[in-house]
Amino acid sequence: MEPKVRRFFCGLAVVSILVGAGFSVAEDERLPSEKKVAVVDGSAITEEQLDTEMSRVRQMFASRGRPLSDSQLSAIRKQVLESLINRELLYRESQRRAIRVDQTAVDKEMDNLRKGFSSEAEFKSALSQMNLGEDTLRSQIEREMAIQQLIDGQVSGKITVSEKECREYYDSHPRFFRRPEQVRASHILVKVDPRAGEAQKAEARRKIESIQEKLRKGGDFAALAKEFSQGPSAPRGGDLNYFKRGDMAKPFEDAAFALKPGEVSDIVETRFGYHIIKVTGRKPETTIAYDDVREKIEAFLRSEKTQQETKRYIEQLRQKAKVERFSD
């Protein structure tokens, strides 16, 4: 699944007041009470809907290598239910205010999602995996757009962020705006499989030592990297561009940060194999200027305020609504 499409589908399952899609069923359909997990002003949220959202949550966490324990699943299930209730409250309010979604915008979003797949079959397969039909997906998109229009009009459109607030945030969070020391380095790599035997390691060592000897005799580092390095940076003469501590394997970065520009290391061993490193540049730790990050700070503060105000707005809707829950 393409990243853009994965983000959309995962977004349908994220537990927060601003995400999590769901559909209500009119009360007059008279579902058995055990099939309902909540009713919002006469519209039911079903156990099947909640289970579907939980399935997406599990898939999202599993794809990140973070399977959930039973206790975590129980807590998240409650959060997902509250999220579905919130979405229903927001959607019902959008309909009360006669908000209508441009169908061409829905068409465009559906087309954008399709373009994230190599074929129509792959697109439909992904929908099947997420327990979604095309009509259901389209309805979810339409509901999300209606809710977003409501939030834009009633919440985010009324939020302002002053210059004073931006400046105060910048001054009170200096660590957020530090750019750590960086070095620019090139390297020549002779790969060694971590599971390699002593004979293979010895052969790789001889290769890197022969390259080291060529350098000592005046060989050009970039030319030798292009010819002998087995790393992906070889076509660039081994250039790795600038990096900070924590970006590279520790033995590699320890050696690189100990060098001055123009200096070449001894042979360095990492889990990838044997390296020879040449530092070509260095940038000291600096603080990013306020003017360079002001717009990002404003966007961040606006987002924070929007989340806070949306919570308050939902609480106001809850106070006017009748919400019943039928699930522990």
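See above for the structure.
Below: a short report on this structure.

## What to know about the packing of aromatic side chains
Next up, step 1: All chains considered together, the criterion is met by nine aromatic pairs.
Next up, step 2: The interplanar angle of 80° and the centroid separation of 6.2 Å between the aromatic rings of Phe-243 and Phe-257 together place this pair among those described as edge-to-face. Here the residue Phe-243 occupies a position in strand 6 (residues 239-244), and Phe-257 occupies one in helix 10 (residues 250-257), the gap between them amounting to 14 residues.
Next up, step 3: Judged by relative accessible area, Phe-257 falls into the buried class, the value being 8%.
Next up, step 4: The positively charged end of Arg-143 is found above the aromatic ring belonging to Tyr-91, 4.1 Å away from the centroid.

## Overview of the packing of helix 4 (residues 103-115) against helix 6 (residues 134-154)
Next up, step 1: Direction vectors running N to C along helix 4 and helix 6 enclose 125°, while the axes themselves pass 10 Å from each other. Our classification of the angle between helix 4 and helix 6 gives oblique. Two packed elements cross with a definite hand, and for helix 4 against helix 6 that hand is right-handed. Of the residues in helix 6, those in contact with Gln-103, Ala-105, Val-106, Asp-107, Glu-109, Met-110, Leu-113 and Arg-114 of helix 4 are Glu-134, Leu-137, Arg-138, Ile-141, Glu-142 and Met-145.

## Here we look at unusual backbone geometry
Next up, step 1: The phi angle at Ala-98 is positive, at roughly 60°, despite the residue not being glycine.
Next up, step 2: With respect to the helices and strands, Ala-98 occurs in the loop between helix 3 (70-96) and helix 4.

Conventions used here
- Residues numbered from 1 in each chain as written.
- Predicted model: local features only at pLDDT ≥ 70, side-chain atom pairs only at ≥ 80, totals over all residues.
- Heavy atoms only, no water.
- Phe/Tyr/Trp six-rings, centres within 6.5 Å; stacked < 30°, edge-to-face > 60°.
- Helix = DSSP H or I, 4+ residues; strand = E, 2+ residues; numbered from the N terminus.
- Buried < 20%, exposed > 50% of the residue type's maximum accessible area, 1.4 Å probe, protein only.
- Lys NZ or Arg CZ within 6 Å of the ring centre and 35° of its normal.
- Axes fitted to C-alpha atoms, helices over the stretch in contact; angles between N-to-C directions.
- Parallel < 35°, antiparallel > 145°, perpendicular 65-115°, else oblique.
- Left-handed = near helix turned anticlockwise from the far one by under 90°.
- Contact = heavy atoms within 4.5 Å.

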